[in-house]
Amino acid sequence: GILVPIYILIMKFTPKYAIPLSNITVFGGAVANTLLNSSKRHPHANRPLVDWDLILIMEPLTISGALLGSFVNKILDEKVLVVSLVMLLSFTAYNTLKKA
């Protein structure tokens, strides 16, 4: 949730470019973590560190959300995207601070 504001505010990208760039950044990190952790074992149990069954359940929904988000990114105006991002980031920050 912090990459898009960094790309917009600090690196001066428009939201149309910042959103896909953050997706690619997260994807690159996920690929690197998968490659580094796929062969590791759990320290306290006799099983792999990566829970592949959970990935099989979660990934179809994640991919569907990413595809829907990319379509919405192409359709919506930049001002609507910025307002949506501010609302989402505010909601996320509020919930995080409330739990802390």
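Heads up: the structure comes first, above all this text.
Conventions used here
- Residues numbered from 1 in each chain as written.
- Predicted model: local features only at pLDDT ≥ 70, side-chain atom pairs only at ≥ 80, totals over all residues.
- Heavy atoms only, no water.
- Helix = DSSP H or I, 4+ residues; strand = E, 2+ residues; numbered from the N terminus.
- Polar contact = N/O pair within 3.5 Å; in protein donor to acceptor, adjacent residues only side chain to side chain.
- Contact = heavy atoms within 4.5 Å.
- Axes fitted to C-alpha atoms, helices over the stretch in contact; angles between N-to-C directions.
- Parallel < 35°, antiparallel > 145°, perpendicular 65-115°, else oblique.
- Nonpolar A, V, L, I, M, F, W, Y, C, P; charged D, E, K, R; others polar.
- Core = buried A, V, L, I, M, F, W, Y, C linked by side-chain atoms within 4.5 Å.
- Buried < 20%, exposed > 50% of the residue type's maximum accessible area, 1.4 Å probe, protein only.
- Patch = residues over 30% accessible without salt bridge, like charges linked within 9 Å, V, L, I, M, F, W, Y side chains within 5 Å.
- Areas by Shrake-Rupley, 256 points an atom, 1.4 Å probe, with all protein chains shown as cover.
- Salt bridge = Lys/Arg side-chain N within 4 Å of Asp/Glu carboxyl O.

> I would appreciate a short explanation of unusual backbone geometry in the present structure.
Keep in mind that most residues, glycine aside, have a negative phi and that most peptide bonds are trans. Of note in this structure, Lys12 is not a glycine but carries a positive phi near 65 degrees. Looking at the element boundaries, Lys12 is found in the loop between α1 (3-10) and α2 (15-37).

> Any chance you could explain the side chain of Ser22 here in plain terms?
With respect to the helices, strands and loops of the structure, Ser22 is situated in helix α2. There is a polar contact of 2.8 Å between the side chain of Ser22 and the backbone oxygen of Ile19. Apart from the residues within four sequence positions on either side, Ser22 is in contact with Leu3, Val4 and Tyr7.

> Would you take a moment to explain the packing of α2 against helix α4 (residues 78-99) for this structure?
Two quantities define a packed helix pair, namely the angle between the axes and the distance from one axis to the other. Two numbers describe how α2 lies on α4: the axes approach to 9 Å, and their chain directions differ by 50 degrees. Looking at the two axes, α2 sits oblique to α4. Counting all contacts with α2, which are made through Pro15, Lys16 and Ile19, the residues of α4 involved are Glu78, Leu81, Val82 and Leu85. Residues that form the contact of α2 with α4 fall into these classes: 5 nonpolar, no polar and 2 charged.

> Before we go on, may I ask you to explain the nonpolar core in this structure?
Within soluble globular proteins, side chains that are nonpolar tend to cluster in buried spots. Among the nonpolar cores identified, the biggest contains 5 residues, and these are Val4, Tyr7, Ala18, Ile19 and Leu81. Those elements that place two or more of their residues in this core are α1 and α2. When near neighbours in sequence (up to four residues on either side) are disregarded, Leu81 contacts Pro15, Lys16, Ile19, Asn73 and Leu76.

> Could you clarify how one ought to interpret the side chain of Asn73 in this entry?
Mapped onto the elements of the fold, Asn73 is located in helix α3 (residues 52-75). The exposure class assigned to Asn73 is buried, which follows from its relative accessible area of 7%. Among all residues touching Asn73, those that are not within four sequence positions of it are Pro15, Lys16, Ile19, Pro20 and Leu81.

> Where do I start with a nonpolar patch on the surface in this structure?
On the surface, Ile2, Ile6, Leu9, Ile10, Met11, Phe13, Tyr17 and Leu21 cluster together into a nonpolar patch covering about 820 Å² of accessible area. Within the residue set of the nonpolar patch, elements represented by two or more residues are α1 and α2. Sorting elements by how many residues they give to the nonpolar patch places α1 first, with 3 residues. Among the secondary structure elements, Met11 is positioned in the loop between α1 and α2.

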